[in-house]
4 protein chains.
Amino acid sequence: MTLTQPDSKKTLEATFKVGILGASGYGGAELLRRLQDHPHMHLTGIASRQYLGKPVSACWTQFADSDFADELVFTDTDSTVADAEVLFSAAPHGSVTDVVAEAVRAGKKVIDLSADFRLPAADYKQWYGSPLAYPDLYAQSVYGLVELHRDEIDRASFVANPGCHATVGALALAPLAAHGLLGKHIAITSTTGISGAGRGASSATHYSELNENFKAYKVAGTHRHTAEIEHSLGRVQAWGKRARTHEPFTPVTVSFNPHLAPMTRGILATAYTHPEGKQLPGGQSVSTEGLLELYRTFYAADPLITVQKDLPQTKATYGSDRVVISVRVDGRSGHIIAFAAEDNLGKGAAGQAVQNFNLMMGLPETTGLMLRAVYP
Amino acid sequence: MTLTQPDSKKTLEATFKVGILGASGYGGAELLRRLQDHPHMHLTGIASRQYLGKPVSACWTQFADSDFADELVFTDTDSTVADAEVLFSAAPHGSVTDVVAEAVRAGKKVIDLSADFRLPAADYKQWYGSPLAYPDLYAQSVYGLVELHRDEIDRASFVANPGCHATVGALALAPLAAHGLLGKHIAITSTTGISGAGRGASSATHYSELNENFKAYKVAGTHRHTAEIEHSLGRVQAWGKRARTHEPFTPVTVSFNPHLAPMTRGILATAYTHPEGKQLPGGQSVSTEGLLELYRTFYAADPLITVQKDLPQTKATYGSDRVVISVRVDGRSGHIIAFAAEDNLGKGAAGQAVQNFNLMMGLPETTGLMLRAVYP
Amino acid sequence: MTLTQPDSKKTLEATFKVGILGASGYGGAELLRRLQDHPHMHLTGIASRQYLGKPVSACWTQFADSDFADELVFTDTDSTVADAEVLFSAAPHGSVTDVVAEAVRAGKKVIDLSADFRLPAADYKQWYGSPLAYPDLYAQSVYGLVELHRDEIDRASFVANPGCHATVGALALAPLAAHGLLGKHIAITSTTGISGAGRGASSATHYSELNENFKAYKVAGTHRHTAEIEHSLGRVQAWGKRARTHEPFTPVTVSFNPHLAPMTRGILATAYTHPEGKQLPGGQSVSTEGLLELYRTFYAADPLITVQKDLPQTKATYGSDRVVISVRVDGRSGHIIAFAAEDNLGKGAAGQAVQNFNLMMGLPETTGLMLRAVYP
Amino acid sequence: MTLTQPDSKKTLEATFKVGILGASGYGGAELLRRLQDHPHMHLTGIASRQYLGKPVSACWTQFADSDFADELVFTDTDSTVADAEVLFSAAPHGSVTDVVAEAVRAGKKVIDLSADFRLPAADYKQWYGSPLAYPDLYAQSVYGLVELHRDEIDRASFVANPGCHATVGALALAPLAAHGLLGKHIAITSTTGISGAGRGASSATHYSELNENFKAYKVAGTHRHTAEIEHSLGRVQAWGKRARTHEPFTPVTVSFNPHLAPMTRGILATAYTHPEGKQLPGGQSVSTEGLLELYRTFYAADPLITVQKDLPQTKATYGSDRVVISVRVDGRSGHIIAFAAEDNLGKGAAGQAVQNFNLMMGLPETTGLMLRAVYP
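Residues numbered from 1 in each chain as written. Chains lettered and ligands numbered in written order. Predicted model: local features only at pLDDT ≥ 70, side-chain atom pairs only at ≥ 80, totals over all residues.

**Some remarks on the relation of the copies chain A and chain B**
Here is step 1 of the chain: Overlaying chain A with chain B gives an RMSD of 0.0 Å, the required rotation being 180° about an axis along which the chain moves by 0.0 Å. Here the symmetry operator amounts to a two-fold rotation axis. (Least-squares fit on C-alpha atoms with pLDDT ≥ 70 in both.)

**Details of the sheet that holds strand β4 (residues 109-112) of chain B**
Residues and elements named next belong to chain B.
Here is step 1 of the chain: Taken together, six strands build an open sheet; the order of strands is β2-β1-β3-β4-β6-β5 and the sheet is parallel. Of all the strands in the sheet, the pair left with one neighbour each is β2 (41-47) and β5 (142-143).
Here is step 2 of the chain: Pairing between β4 and strand β6 (residues 158-160): three bridges, direction parallel. Residue pairing in the sheet places Asp112 in a bridge with Ala160 of β6.
Here is step 3 of the chain: Packed onto the sheet, helix α5 (residues 97-105) meets β1 (16-21), β3 (86-89), β4 and β6 and runs at close to 150° relative to β4. (Pairing = 2+ DSSP bridges. Helix = DSSP H or I, 4+ residues; strand = E, 2+ residues; numbered from the N terminus. Contact = placed C-beta atoms within 7 Å. Axes fitted to C-alpha atoms, helices over the stretch in contact; angles between N-to-C directions.)

**Some thoughts on the interface of chain A and chain B**
Here is step 1 of the chain: Chain A puts 45 residues into the contact, and the matching count from chain B is 45 residues.
Here is step 2 of the chain: When residues of the side of chain A that touches chain B are traced back to their parent elements, those giving at least two are β7 (186-192), α10 (207-210), β8 (215-216), β9 (255-260), β10 (267-273), β12 (323-329) and β13 (336-342) of chain A.
Here is step 3 of the chain: Partitioning the side of chain A that touches chain B into residue classes produces 19 nonpolar, 18 polar and eight charged. (Nonpolar A, V, L, I, M, F, W, Y, C, P; charged D, E, K, R; others polar.)

**Focus on the sheet that holds strand β6 (residues 158-160) of chain D**
All names here are of chain D.
Here is step 1 of the chain: Read across the open sheet, the six strands follow the order β2-β1-β3-β4-β6-β5; overall the sheet is parallel. Across the chains shown, the open sheet's two edge strands, defined by having one partner strand only, are β2 (41-47) and β5 (142-143).
Here is step 2 of the chain: Seen against the sheet, helix α1 (residues 26-35) touches β1 (16-21), β2 and β3 (86-89) and runs at an angle of roughly 160° to β1.
Here is step 3 of the chain: Where helix α13 (residues 346-360) meets the sheet, its contacts fall on β3, β4 (109-112) and β6, and the angle it forms with β4 comes to roughly 155°.

**Points about helix α12 (residues 288-298) of chain D**
Residue and element names in this part refer to chain D.
Here is step 1 of the chain: Every buried residue belonging to α12 is among Leu291, Leu294, Tyr295 and Phe298, and all of these are buried. On an axial view of α12, the arc spanned by its buried residues comes to 100°, and they lie on one face. In α12, the exposed positions angled more than 90 degrees off the buried face are occupied by Glu289 and Thr297.
Here is step 2 of the chain: The inward-facing, buried residues of α12 abut α9 (164-178), β11 (305-307), β12 (323-329) and β13 (336-342). (Buried ≥ 20, exposed ≤ 12 C-beta atoms within 10 Å, placed from the backbone. Arc of directions from axis to C-beta.)

**So, the interface of chain D and chain A**
Here is step 1 of the chain: Contacts between the two partners involve 23 residues from chain D and, on the opposite side, 23 residues from chain A.
Here is step 2 of the chain: Here the side of chain D that touches chain A gets three residues from one element, more than from any other, and that element is α1 of chain D.
Here is step 3 of the chain: Each residue belonging to the side of chain D that touches chain A can be placed in one class, and the counts come to 10 nonpolar, nine polar and four charged.

**Comments concerning the domain arrangement of chain A**
Residues and elements named next belong to chain A.
Here is step 1 of the chain: Parsing chain A into structural domains produces domain 1 (8-140) and domain 2 (165-344).
Here is step 2 of the chain: For domain 1 versus domain 2, the separation of C-alpha centres amounts to 27 Å.
Here is step 3 of the chain: Contacts between domain 1 and domain 2 engage nine residues on the former and seven residues on the latter.
Here is step 4 of the chain: In the side of domain 1 that touches domain 2, the residues fall into six nonpolar, one polar and two charged. (Domains from an automatic or database assignment.)

**What about unusual backbone geometry?**
Phi is mostly negative for residues that are not glycine, and the peptide bonds are mostly trans.
Here is step 1 of the chain: Here the bond from Tyr375 of chain A into Pro376 of chain A is cis, since omega is 5°, no more than 30 degrees from zero.
Here is step 2 of the chain: Mapped onto the fold, Pro376 of chain A is located in the segment after α13 (346-360).
Here is step 3 of the chain: Positive phi, close to 65°, is recorded for Arg155 of chain A, a residue that is not glycine.
Here is step 4 of the chain: Here Arg155 of chain A shows up in the loop between α8 (146-153) and β6 (158-160).
Here is step 5 of the chain: The backbone of Glu212 of chain B shows a phi angle near 50°, a positive value even though the residue is not glycine.
Here is step 6 of the chain: Tracing the chain through its elements places Glu212 of chain B in the loop between α10 (207-210) and β8 (215-216).

**Concerning the pairing of β4 of chain D**
All names here are of chain D.
Here is step 1 of the chain: Neither face of β4 is open: one carries Lys109 and Ile111, the other Val110 and Asp112, and all of them are buried.
Here is step 2 of the chain: With four bridges connecting them, β3 and β4 associate as parallel partners. Paired with Val86 across the two strands is Lys109, which belongs to β4.
Here is step 3 of the chain: For the handedness criterion, the β-α-β arrangement of β3, helix α5 (residues 97-105) and β4 is classed as right-handed. (Right-handed = clockwise from strand over helix to strand, strands pointing away.)

Given below as structure tokens:
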């Protein structure tokens, strides 16, 4: 891991020159943690306006005074882009859209962790309030929810990395969507820790305001991840597990309702629908055991997904790139209730970005990923 | 506040001899905090098997070395019952059922914080797995959800204090039930802090297992508070705000799904239903503003309920007996989403018990209650 | 509690027109919580630049939609001062120094929670880097650490309310200072929750940076409360429990080292000294039991102080105005270790301010105070 | 990582058959997390009485439904010992002393994370209240505080892994001890998260009792890690950085005072001493910069130690095996204040155990260790 030359231990295998935009945010930190042990990366730049020219330890105490930190100095955006073959953009939404666009046009491979290229023009306008900046580049992008778009991502050049809530929301319900088991009404309670709000300081991230507090925010169709979830479920309804980013589909409508828990990391999506008499593929009636089997089959080839009978807890994913999923039928009310837990900075951001990198470069999918949670 | 004789400052007004069963649990501690400043109570006994004969400070550090603690010594169950005119029972479910029954038969006024007398025989058997111990006494009891049973509680002798989740679940949806706005499907995500699990130590209450963790538990029709919520909503559908504990009603079916957040106190219920084209009383279509007005009207005379446009947060109720409620219509999906927050040890337990006491004794409803949260 | 006229229930007793400067900070909120039930206050103004003209509920969710909140609207500084007989100033250090000075000169009684009038000119310059603004008014002020200056505060006109760390640091060691038991070297580890840093947002108050984190800050003679502690101990050495703000004394030197724990409220001071062969007043050698007795005697008449054998914990003071103190002798090393816990917003700020108000007005010392912690 | 045969990827290099006793405790879980990626281990047994015969996922949700978890089943003690060349014992103090003794006598290499072999007979009796079980085996053991005993540990057979508080306490002050800079009086405030108390449930680990709470425990010469710290500092005074477990030394006396913060992981030691006019090696007077240089030199060859000017915070070590150290001189009082932070389950337990394993087996010291904290 060096800015000057590839690690000699890595020379027998392919390495790629990699740059990070937005390296001083939480997404950037988690990218650095994964990249340091990734055997196919040669880090050529870490851009940050705030920390330009300073060592990585000035920004991140966890990297202080190590070999890693001594060699790494924050770089400017231009050189970061120029020196990289592959670019991770972890800068805030809208802050480096033009830079990303230029890099894509210059033939660099890009994984964009922002929302800038996640939605078609009409939806982007509706949810973000401004026109989609580069519709032509959106048309070249792939939506990087790996378990639903793996074929598209394989050897792709430009991937829009999904939102944190959007990842668990879609994964919790995708098996139902694939088998026509979504009911007319879908409601999701998605509860997150605060790190998803970023490193910026505000009353929304103030310890005294959050600790011993639980609340809802941006409910009832006002949170932007709603659109991503609706598109994902619509695509799976149309195309199954081999969802297509740019093919037609009929989106479903979801009432998405995020909540905030007093913790740093972790999201748990609790998703409700009502199958209204629909049946499992084999013709049996909907049951917890039947759905667990259906979910296990759906995610059988996905190394980051654990389908389990026990209810998921976010701590089982802390610091890792795993997703833990379960499902229940409420026999009294008839609801299906699906659960999916992740670390919002892992599979919900940096972990999925590296997973996308691996697929884009033809590497084993979990190379460099964090496969075990820090527990307790 | 003394075991020997009434406080002279209180002699001009009526005081009642009061005993507490289960005074060494969290519910008991919160009763003590409210009773110490209650002008109409003369505490004659605080029963605890574990702490019998010891001063209150041996159990509760918050009362250490105060006048309050010096005078109070834990008493045995028999003398506690014998010396009291009014009995609060905060002991665990099933642990003092016979004692409570005997006290009721002896003509003492009782507020029972346990689940022993909250459900009719058939429901009790279904949810608790054993027969209802005293069906005849259940028939004399009143369900103490004050805002829905105030008339019954007024001058009542025996009140079953509602469960913590049951209180916010019912209050969040009661205005809809009263106006026929509940849809066919109702699902509730109810998120609580851990203090509701009591002071007993287990892996379920272990700090290292709970901190930085969010999870669901007892979902899909397995949590016992489901029955209380269904009954409350059914009663309000039948009788409106003047619900009757023992009159016939058609219960609604609810998918109740509790979750656990890493905090000590607080519950937020997030309740989903779908009015499916039903209209507001005046004939308008269902809207957020219309529902807020309907909620405000419904709870206009309830001093502990705040209906507000802003989404509730549990910290606004911390240490208090308040309930904060709001409601939204998701215009895209058609869902109504109702929210209610409380302190599970306040309105969810000890606060409502004292509120019931006040009504039973003909005192002003909020006497001795905690009307302001500790914030931040 | 009204801006227009005194509560009729209060008319039989004296009430004082009271105004608050800085009412939108945490200190202001805690003043409001105490003032609302204070029987001798008539609140005539609550000043906040940020919330001027808005109802109290716009700033404080815990007061939303209550009678209290409906009647209270944030006022401007001038009218707040003009309408008040007594002024609490909870605005940040240096922000309203001139206003406070003018109010004092106009004959109003003032309790200043800031550091503006806590130190003599030379010390102020040394620790705050700028000249003391009003040396003449400092000469009229009393240092409001009640347990050490009660006689001075009684009927005083102008009180400088102590710092949060300074309160527990001084109270932990004052009995030793009074009896000549302080050793040559004194070191204090003082650990606080984050609310003492105020409501302002910064990386220093960011939830993700603080949670699951413990650290030291401003150690080794760089924290400004060092001076207050040294003065308090010096005064007690000179004058005993009847310390004098403006009489000569020889200050002791303390190594004061604050730490930050992941919690909202609470401070625990752990203070080390080494008596080096000194003896207890009766001539016995220094022992834990002997010191506990000495501490109990020293604080016997202080209603907010609990001296106990068990080690203090901050949760025993949460939301209250109590201080819990204990002391130990380490027989192996010879150290005396003294402990004092408080809620930094209670006795460490608003609670002590109201305690000072009571003494200044000739009221019972604990009127309107919070005598019981919210536990758990 | 398999119970049946070595991983083929590892066959080119030496692998050792490794067993874990006490694999269902927190220390065991952290050993498993490190061993899974360790290239020189072949796990042959994980013993747990409680989970015997069950898959690892029954105990540890973080390993659920993975290849790792599918292959691993909890084993009994006898077969675990029999099948292993190297044994990690993470069982509670005293629970498997005889098993460990037998294994050592049978020629197996052992790293014991318990306190059973950390102290000489007289000290063991004094601090643990019972006789040292195997004085002859203690004589063969090495105290595994790597940075102070590296030469002894190299190729050793039996290592007593240090206590969590003992590790940071000794490391914070060792450079002073090595240069004769410890004063007559030494006091340590050491603040830990709760995971060091283990997975057992009690009121001491109850979430509601710990959250928003800070307290001291076992202070003033009553915590057993006092002895380890005193011995370590005494050995360094006698032998410098090449400390000898069984050579004579004069122990120093320390007042060790542990505190508990509301968090799961992390310890910060804050250590006070007073050099009383002693000078730095070069003859300069003691200063912060001089001490930082001395500390940097002392730990220059230690890959897990970061000496930095900024004050350490525990979060910089979360989930990792790092130790972050700093030091200050309080110019006003003359104190030296040294700080050391670690993850109590990392360098404080499992991380140091694997570090010892590496040295015992002649492997690179940081093989399989966690070099980066999970932050935020």
